[in-house]
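Chain by chain, the residues run as shown.
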Amino acid sequence: MATIDIAAARGTLLFDGDAGWDAARGTFNLLHDQQPAVIAMPTDEREVAAVVRWAAASGLRVAAQATGHNAGPLGPLAGTLLLNTSRLSGMRIDVGAQRVRVAAGTKWARVVPALSDAGLAALHGSSTDVGIVGYSLGGGLGWLARRHGLQCNRVTAVDLVTADGDLIRADAVHEPDLFWALRGGGGSFGVVTAIEFAVLPLPAVHAGAMFFDFAQAPAVLRRWRDLLPELPDELTSWASVVHVPDAPFMPEPVRGRSFAVVSAAFLGDDATGRALLAPLRELGPVMDTFAMVPPAALGTLAMDPEEPLPYMSGHAVLGGLSDATIDAAMAVLEPGGALASLQLRHLGGALGRPAPDAGARATVPGAIASFAAGLVVDEAAAAHVPAALDRLADAVAPEAVGALPAFVEEPSEAARFHDPATLARLRAVKALYDPADRIRGNHPITPAAA
Ligand SMILES: Cc1cc2nc3c(=O)[nH]c(=O)nc-3n(C[C@H](O)[C@H](O)[C@H](O)COP(=O)(O)OP(=O)(O)OC[C@H]3O[C@@H](n4cnc5c(N)ncnc54)[C@H](O)[C@@H]3O)c2cc1C
């Protein structure tokens with residue numbers, strides 16, 4: 001029977017009304033209002049274990065959270081202890097071994113510049129404000145994905161506190177089934193206290209963005225789509241239609257304007273990168289930032305907002321992108337409409353081939369991942385944005401083939417993200433490590449029936 005270190009647990013707890021309560025329950029999407037029963041802010045793994053045991057003894061479930069970037073699916077958190085990991089800090093980079101170990105509260109922003117200075121790169125995504133653990137557990141789709149796959153399959157070891165409050169290590173040798181589940185199965189299996197992963201040597205990358213007049217968007221999307229089959233795995237490109245908010249956090253040259261944008265990262269030299277993207281450049285971008293840049297530049301290439309915002313979003317993985325789909329989507333994305341952006345990410349390449357010894361998310365089926373968002377700043381937007389997202393979902397429905405949990409920001413069935421065999425195995429692992437379903441992941445895996 002596990003003992004509870006009451007003093008260690010209590011020292012970390014916040015209750016409604018305590019100083020720091022609102023900051024600790026804050027989310028990236030300002031539409032969410034988390035009201036957990038209690039919040040814990042442990043500073044080390046011993047405190048995490050004490051908190052998890054205390055929660056179990058108190059009849060509370062536990063939801064781990066680092067940044068609140070995917071808080072939406074969790075809902076208001078009644079009857080749940082919110083375990084805020086932001087005080088679990090620490091980072092070790094082994095340049096020679098190309099390995100990184102970080103504590104669970106670490107954001108990509110801490111690691112990416114340090115790696116870049118050492119000529120290394122990680123498989124982070126569009127925003128370095130995102131937490132490394134949440135991103136890695138959910139899959140992790142970034143700029144180098146077509147050549148190097150998903151971040152979850154770069155993970156080499158995970159330290160975690162189980163639902164019973166035991167600290168264990170999962171890697172290829174220890175707890176191999178749990179290690180498999182953690183790599184793409186999400187945060188349902190325990191509270192991660194630290195994670196280790198492999199990184200790549202990368203002194204420089206050819207990357208940038210071409211901005212086109214918004215009127216050219218249908219032509220740009222068609223040209224991008226036609227180019228995709230010719231692009232090597234070394235090149236990952238994203239096409240977007242964006243109405244840039246007229247807000248101070250946006251860079252001056254783009255603020256308040258509408259564009260079609262093609263951004264890309266190419267693992268190769270400048271001349272080859274330019275030749276590969278020449279058919280797009282022929283359309284005459286009004287701004288073109290492509291250059292050889294250090295890998296840290298990929299952390300801001302997508303110009304993701306880093307300050308919390310109120311927004312709603314929609315996502316689908318598409319098998320293709322027909323002219324009819326482009327036109328139907330563009331009809332929803334018109335200037336003055338409810339949506340701020342539609343982003344289309346080229347998939348394929350390594351994403352379609354299972355990595356050797358891959359975890360639960362071995363591949364990403366489909367050709368393109370779409371993600372759209374609209375700001376909800378008033379009551380009118382609260383009505384118009386969901387209606388526009390529904391229209392967009394209808395527009396892409398003929399080509400929708402699936403979804404990735406990282407891009408779904410509302411509650412959703414696990415069967416939407418995993419094939420039946422993978423889901424059955426994930427549920428069996430959950431039953432082994434958390435049969436009472438105490439740990440709440442954002443996209444939960446429920447335990448298989450005994
Ligand atoms: C602006 C923005 C840009 C994004 N860009 C990308 C992208 O390019 N590619 C991509 O793949 N995804 C992207 N995402 C999605 C992102 O990967 C997910 O939202 C991810 O879950 C965020 O992790 P987090 O820890 O920051 O968020 P949190 O909301 O803090 O955590 C999300 C979930 O992760 C799990 N979790 C976190 N910490 C722990 C822990 N210590 N132990 C156990 N479980 C834990 C929990 O289930 C938690 O609910 C983006 C999201 C946003 C908002």
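Novice: Explanation requested: the sheet that holds strand E1 (residues 13–14) in the structure shown.
Specialist: Note: strands within a sheet are paired through backbone hydrogen bonds, in either parallel or antiparallel orientation. The mixed open sheet is built from four strands, whose spatial order is E1-E2-E4-E3. At either margin of the open sheet sits one strand with a lone partner, and together these are E1 and strand E3 (61–65). One ladder, built from three bridges, connects strand E2 (residues 38–40) with strand E4 (residues 80–84); its direction is parallel. Residue Val38 lies in a different strand from E4, and its bridge partner there is Leu81. Where helix H3 (residues 45–57) meets the sheet, it contacts E1, E2, E3 and E4, and its direction lies at approximately 175° from that of E4.

Novice: In this structure, what is going on with the pattern of salt bridges? I would like to understand it.
Specialist: Pairing is possible between side chains that carry opposite charge, provided their charged atoms lie close to one another. With the rule as written, the count across this model stands at 27 salt bridges. In this structure, the salt-bridge partner of Arg53 is Asp166, at a minimum N-O distance of 3.5 Å. Residue Arg53 is found in helix H3, and its partner Asp166 is found in the loop between strand E8 (155–161) and strand E9 (167–171); the two are separated by 113 residues along the sequence. For Asp166, a relative accessible area of 37% gives the class partly exposed. Because the salt bridges share partners, they merge into one network encompassing Arg101, Asp159, Arg169, Asp171 and Glu196.

Novice: Could you clarify how one ought to interpret the pairing of strand E5 (residues 91–94) in this entry?
Specialist: Looking along a regular strand, one sees the side chains alternate between the two faces of the sheet. The pairing of E5 with strand E6 (residues 99–103) spans four bridges and is antiparallel. Directly across from Arg92, in E6, lies its bridge partner Arg101. Between the antiparallel neighbours E5 and E6 lie four residues, among them Gln98 with a positive phi of about 55°.

Novice: I keep staring at the site of the ligand and nothing clicks. Help me out?
Specialist: Lining the immediate environment of the ligand, one finds 34 residues, of which Ala66, Thr67, Ser126, Gly131 and Leu141 sit closest. Between Gly131 and the ligand, the recorded distance is 2.7 Å, taken from a backbone N or O atom to an oxygen atom. In the complex, the protein chains occlude 96% of the 950 Å² of accessible area that the ligand would expose alone. Secondary structure elements with two or more residues in the shell around the ligand: E3, helix H5 (132–138) and strand E10 (191–198). Broken down by element, the shell around the ligand gets its largest block of residues, four residues, from H5. Classifying every residue of the shell around the ligand by side-chain character gives 16 nonpolar, 16 polar and two charged.

Novice: What is the right way to read the packing of aromatic side chains from this model?
Specialist: One pair of aromatic rings is described through two measures. These are the centre distance and the angle between the planes. Summed over the entire model, instances satisfying the criterion amount to six aromatic pairs. Three or more aromatic residues link up through ring pairs in this structure, and these residues are Trp108, Tyr135 and Phe197. Directly above the ring of Phe179 sits Arg183, whose terminal nitrogen or CZ lies 3.9 Å from the centroid. Above the face of the Trp180 ring, Arg425 is positioned so that its terminal group lies 3.8 Å from the ring centre.

Novice: I tried to follow the nonpolar core on my own but got confused; where do I start?
Specialist: Ranked by size, the top nonpolar core spans 58 residues in total, and within it Leu81, Leu178 and Phe197 carry the most contacts. Here the element with the most residues in this core is H3; it accounts for seven residues. Each residue touching Leu81, except ones within four places of it in the same chain, is listed here: Leu13, Val38, Ala40, Val51, Trp54, Ala55, Leu60, Arg61, Val62 and Ala63. If you look at the next biggest cluster of nonpolar residues, it comprises 41 residues, including Leu227, Leu280, Leu342 and Val396.

Novice: Teacher, can you tell me more about the side chain of Thr85 here?
Specialist: Note that Thr85 resides in the loop between E4 and E5. The class for Thr85 is buried, based on a relative accessible area of 4%. Once residues lying within four places of it in the same chain are set aside, the contact partners of Thr85 are Gln65, Ala66, Ala104 and Gly105.

Novice: Where do I start with the environment of Leu404 in this structure?
Specialist: Counting through the fold element by element, Leu404 comes out in the loop between strand E20 (400–402) and helix H13 (420–433). Each C-alpha atom of the pair Leu404 and Pro232 lies 23 Å from the other, and the pair is 172 residues apart in sequence. Setting aside anything within four residues of it in sequence, one finds Leu404 in contact with Leu141, His315, Val317, Arg361, Val364 and Phe417.

Novice: Help me understand helix H8 (residues 217–227) in this model?
Specialist: Residues lying three or four places apart along an α-helix face the same way, a consequence of the helix completing one turn every 3.6 residues. Every buried residue belonging to H8 is among Ala217, Val220, Leu221, Trp224, Arg225 and Leu227, and all of these are buried. For H8, the angular spread of the buried residues around the axis is 165°, confining them to a single face.

Novice: Which parts of the structure should I look at to understand the packing of helix H11 (residues 323–332) against helix H12 (residues 379–396)?
Specialist: Axis angle and axis distance: for two packed helices, these are the angle between their axes and the distance between the axes, and together they describe the pair. Contact geometry of H11 with H12 gives a least axis separation of 8 Å together with a crossing angle of 175°. It follows that H11 is roughly antiparallel to H12 by the angle criterion. Judged by residue contacts, Thr325, Ala328, Ala329, Ala331 and Val332 of H11 engage Ala388, Arg391, Leu392, Ala395 and Val396 from H12. Looking at the contact of H11 with H12 residue by residue, the classes come out as eight nonpolar, one polar and one charged.

Novice: What is the right way to read the sheet that holds E6 from this model?
Specialist: Across the sheet, which stays open at both edges, the five strands sit in the order E5-E6-E10-E8-E9 with antiparallel pairing between neighbours. Each edge of the open sheet is held by one strand with a lone partner, namely E5 and E9. Adjacent strand axes in the sheet meet at a mean angle of 10° when their direction is disregarded. Of the strands in this sheet, E5, E6 and E10 are in contact with helix H4 (residues 108–117), which crosses E5 at around 25°.

Novice: Would you explain unusual backbone geometry in this entry?
Specialist: A negative phi holds for most residues other than glycine; trans holds for most peptide bonds. One non-glycine residue with positive phi stands out, namely Asp357, at about 55°. Tracing the chain through its elements places Asp357 in the loop between strand E18 (341–346) and strand E19 (368–375). In this structure Asp357 comes out as exposed when scored by relative accessible area, which is 71%. The phi torsion at Asp437 lies on the positive side, around 55°, for a residue other than glycine. Inspection of the secondary structure assignment puts Asp437 in the segment after H13.

Reading the values: rules and limits
Residues numbered from 1 in each chain as written. Predicted model: local features only at pLDDT ≥ 70, side-chain atom pairs only at ≥ 80, totals over all residues. Heavy atoms only, no water. Pairing = 2+ DSSP bridges. Helix = DSSP H or I, 4+ residues; strand = E, 2+ residues; numbered from the N terminus. Contact = heavy atoms within 4.5 Å. Axes fitted to C-alpha atoms, helices over the stretch in contact; angles between N-to-C directions. Salt bridge = Lys/Arg side-chain N within 4 Å of Asp/Glu carboxyl O. Buried < 20%, exposed > 50% of the residue type's maximum accessible area, 1.4 Å probe, protein only. Near = heavy atom within 4 Å. Polar contact = N/O pair within 3.5 Å; in protein donor to acceptor, adjacent residues only side chain to side chain. Areas by Shrake-Rupley, 256 points an atom, 1.4 Å probe, with all protein chains shown as cover. Nonpolar A, V, L, I, M, F, W, Y, C, P; charged D, E, K, R; others polar. Phe/Tyr/Trp six-rings, centres within 6.5 Å; stacked < 30°, edge-to-face > 60°. Lys NZ or Arg CZ within 6 Å of the ring centre and 35° of its normal. Core = buried A, V, L, I, M, F, W, Y, C linked by side-chain atoms within 4.5 Å. Arc of directions from axis to C-beta. Parallel < 35°, antiparallel > 145°, perpendicular 65-115°, else oblique.

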